[in-house]
Structures are given as C-alpha cells and as structure tokens.
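Spelled out, the chains give:
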Amino acid sequence: MEKIFVVQQGANSYSNVDVATFVFLDEASARFKFEWLRDHVIYGGGGSDDVVWTELHAVTPGSEVNHSTRVDSH
C-alpha cells in the first residue's frame, strides 16, 4: 500500500500539542519541508508554547500518526 508523508511540529505543553501539520504525497517534498523547518524554526527553551520538536512520519492513508510511524525527528 502507498504511504503518505506527514511533517508535524509540536509545542512543549502538558498535552504535547501539535502546532503545525503538513501532508505530502512524496517523501522528497516532505523531507525538504522537515529539513527546512528543522533548520529555520527557532526552538524554544521550554516555555509552555515554545516549539520544541519536529517529526517526519510515513503512514498508510487512514492510519494513525504515532511513534511507530516516525522516520526522523528533531
């Protein structure tokens, strides 16, 4: 089955909430977005709404994005 690629960023909060989610049909575009965010976003020092993580996932359509689907992270 084909995969879709999901790039997510999250904030340091009690619920570890996503602050941005991007969906791509090809890995090259997803990796480009992941690397751009990783290299250009100012990561916070631990405040309640600081961006503190970026992840790239490969999932089958309709599947849950979780730790087992993670391809790369920062």
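None of the values given here were measured: they were computed from a predicted structure.

A. Structural view of the overall build of the chain. Along its length, the chain carries one helix and four strands. Starting at the N terminus and ending at the C terminus, the chain contains elements arranged as β-β-α-β-β. The 74 residues of the chain split such that 30% are buried. The contacts in the chain between residues at least 6 apart in sequence include a share of 49% that link residues at least 24 apart. Here the chain has roughly 4700 Å² of accessible surface; of this, 53% comes from carbon and sulfur atoms.

B. Just the nonpolar core, in detail. One finds Phe5, Val7, Phe24, Ala30, Phe34, Leu37, Leu56 and Ala58 forming the largest nonpolar core, which totals eight residues. No other element matches helix H1 (residues 27–40), which puts three residues into this core. Contact partners of phenylalanine 34, with chain neighbours within four places excluded, come to Val7, Thr54, Glu55, Leu56, Asp72, Ser73 and His74.

Definitions and limits used
- Residues numbered from 1 in each chain as written.
- Predicted model: local features only at pLDDT ≥ 70, side-chain atom pairs only at ≥ 80, totals over all residues.
- Heavy atoms only, no water.
- Helix = DSSP H or I, 4+ residues; strand = E, 2+ residues; numbered from the N terminus.
- Buried < 20%, exposed > 50% of the residue type's maximum accessible area, 1.4 Å probe, protein only.
- Contact = heavy atoms within 4.5 Å.
- Areas by Shrake-Rupley, 256 points an atom, 1.4 Å probe, with all protein chains shown as cover.
- Core = buried A, V, L, I, M, F, W, Y, C linked by side-chain atoms within 4.5 Å.

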